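So you can see what is in the structure, the chains are spelled out below.
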Number of protein chains: 2
Amino acid sequence: MSQSPSMNRSIVLQSRPHGAPTDANFSLQESAMPVPQDGQMLLRTLYLSLDPYMRGRMSDAASYAAPVALGATMIGATVARVETSRHPDFSVGELVLGFNGWQDYALSDGTGLRKLAGLAHPSSALGVLGMPGFTAYMGLLDIGQPQAGETVVVAAASGAVGSVVGQIAKLKGCRVVGVAGGAEKCRYVVEELGFDACIDHRSPDFAAQLGAACAKGIDVYFENVGGAVFDAVLPLLNARARVPLCGMIADYNATGLPAGPDRLRVLTRALLTKRIKMQGFIIFDDYGDRYGEFFAQMSQWLSAGKIKFREDIVDGLENAPQAFIGLLEGKNFGKLVIRVGAD
Amino acid sequence: MSQSPSMNRSIVLQSRPHGAPTDANFSLQESAMPVPQDGQMLLRTLYLSLDPYMRGRMSDAASYAAPVALGATMIGATVARVETSRHPDFSVGELVLGFNGWQDYALSDGTGLRKLAGLAHPSSALGVLGMPGFTAYMGLLDIGQPQAGETVVVAAASGAVGSVVGQIAKLKGCRVVGVAGGAEKCRYVVEELGFDACIDHRSPDFAAQLGAACAKGIDVYFENVGGAVFDAVLPLLNARARVPLCGMIADYNATGLPAGPDRLRVLTRALLTKRIKMQGFIIFDDYGDRYGEFFAQMSQWLSAGKIKFREDIVDGLENAPQAFIGLLEGKNFGKLVIRVGAD
């Protein structure tokens, strides 16, 4: 299946998952091609970003953003091309970064769109130059405040956020230890991305290996997974450590709290006695006004070859649900992007 | 019993407590009066500060500071008078703030001493003008960053730290809700200190009352108690709330972790989805270089009548253990100080 010039496909939230999402939670629907009015344009999706935060939007638990309604199109960032335009500021053929969701086509009045011109890889606007890269940049530099010689740890180290966190930390002169799932990802993180070490969280002696790789403790832990990785990190945190917190993918599919004992006070006691700063952030809500600064700096690092990135591109909108389910299990290798339409 | 001109009394750590300290953990010892050498002086303790952090020093669990050794004198801040001096910079009769611990006399070479001149209430150097007041000032203003119109909550609101936190927050234009134990303390907090409300944490419907008093949620929670108060505060925290963390007195006597479920992820999820900053601090380690700024500002507020303070003064070094045991149970009303010797 591929994009039709006469019909729109969209993937809607069919039901809310209990635990890990399944195919049954999604439904592919077909509808008439939308028609732009005056001041609108028709956008055709080229690339759709799949990101862990989408799991939260599938649930109706209270969170920082409203959930996707049942029957509504799944939300998501997209790179799209202007197909027809009745908008004075956009011309047919222009590439735009927007938030069209999981569908072939969408109407837009231009609100929230960013024109993409001159990008060597348009899909990078969804990764290293987009939300994940921006998350890595601000969380590490503004909350983490890494100093040369300090030890920085980041999980999901081959992923869209973690890979950028570690590479920026290396540029700042830190010792950088990644955590990833499997030998192949770990090898990539060390050999290609230049981390000092990478520990496989599937190893039975993961915590001991992490401790050995962080002989001087951990000064910055960039938290994007939670779960067992966080448990192993906590006792290794140094006095005055900083813990920027942008996600907890290991917990997203949890259906209840784990059994006791209740370790809440283990965390608060560690924060107190080690004077740790732990701070959650939502990138565009908290740092939206600094996107330009990030984009300029990251573009420079990319063109100088100082930051590398890897994409895991899956063809076909219809494959988005399976790809997303795999993302939550760590099956992707690099930034997961759906190629929805031909360039 | 009172101070002798020929003999020194000290209270030493006899054994480590399991749970709440008891009298048996302390022992009063007598020894020969120490004799200053060249460059030293003999200090006679007038006031000894008793503070919750001392409970941590009685245990040998890893913490931010070394524990008191078994058989060693309990540590603590003191206001003392120079009795005899062989130090060129200190004269007999001068008042000094130091860290002599739980004893009548101590030798000093001047290291770490601060001369106290012109203080209307010398004991206030242990409270509103000392470590507790400084803790309140920096934690609230530097980490908490309260803005006019925001809601600030502080527990142990009639105590040495909480009373100052709330009064500074009022000066900054905040709505201030205290938490204290019992109707008398709550009345004092509202009527004398000027908080907007104060909730008795012993009330069966404490959490509901706190919620009603914080109708617009909580923007700054100054954490100095932990336990059930923190549990009631957590769901009320607003997006971008700040939680300076200087103590958890409710947990200090705990002998193990509470039963499950494990709520660690409840906290980390709240930090993430509400973008909360939670940060522990140890006042002199983290802010020692700003004591002068604090002292000048607080002195001005005191002389202008903008900050009030209350002391709970207990006479006699020998009563320090019982007073300290009571402190951990909230039996004191105001800053707890032992009057060790006549002024």
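Residues numbered from 1 in each chain as written. Chains lettered and ligands numbered in written order. Predicted model: local features only at pLDDT ≥ 70, side-chain atom pairs only at ≥ 80, totals over all residues.

1. Observations regarding the interface of chain B and chain A
- In this assembly, 33 residues from chain B lie in contact with 33 residues from chain A.
- Going through the elements one at a time, α7 (264–273) and β13 (277–280) of chain B are the ones with two or more residues in the side of chain B that touches chain A.
- Top element by residues in the side of chain B that touches chain A is α7(B). It accounts for nine residues.
- Split by residue class, the side of chain B that touches chain A holds 16 nonpolar, eight polar and nine charged.
- Relative to β13(B), strand β13 (residues 277–280) of chain A runs antiparallel, the two sharing three bridges. (Contact = placed C-beta atoms within 7 Å. Helix = DSSP H or I, 4+ residues; strand = E, 2+ residues; numbered from the N terminus. Nonpolar A, V, L, I, M, F, W, Y, C, P; charged D, E, K, R; others polar. Pairing = 2+ DSSP bridges.)

2. Structural notes on the pairing of strand β12 (residues 237–245) of chain B
Residues and elements named next belong to chain B.
- As judged from the two bridges shared by strand β11 (residues 218–222) and β12, these two strands associate in the parallel manner. Within β12, the position partnered with I218 by the bridge is L237.
- Assessed by its sense of winding, the connection that carries the chain from β11 through helix α6 (residues 227–233) to β12 is right-handed.
- Summarising the sheet, β12 and β13 pair through four bridges and their orientation is parallel. Its bridge partner lying in β13, P244 is registered against Q279.
- Note on the crossover from β12 through α7 to β13: the handedness is right-handed. (Right-handed = clockwise from strand over helix to strand, strands pointing away.)

3. Examining the relation of the copies chain B and chain A
- Relative to chain A, chain B is turned by 180° and slid 0.0 Å along the rotation axis, the superposed coordinates differing by an RMSD of 0.0 Å. Read as a symmetry element, the transformation amounts to a two-fold axis. Relative to the rotation axis, the closest C-alpha in chain B is found at B:G260, a distance of 1.6 Å.
- In this assembly, 100% of the residues forming the interface of chain B have copies in chain A that are likewise at the interface, indicating an isologous arrangement. (Least-squares fit on C-alpha atoms with pLDDT ≥ 70 in both.)

4. Re the environment of B:C174
Residues and elements named next belong to chain B.
- As for its position among the elements, C174 is in the loop between α3 (162–171) and β9 (175–180).
- Judged by local crowding, C174 falls into the buried class, with 23 C-beta atoms found within 10 Å.
- The residues contacting C174, other than those within four sequence positions of it, are P146, A148, E150, T151, V152 and A169. (Buried ≥ 20, exposed ≤ 12 C-beta atoms within 10 Å, placed from the backbone.)

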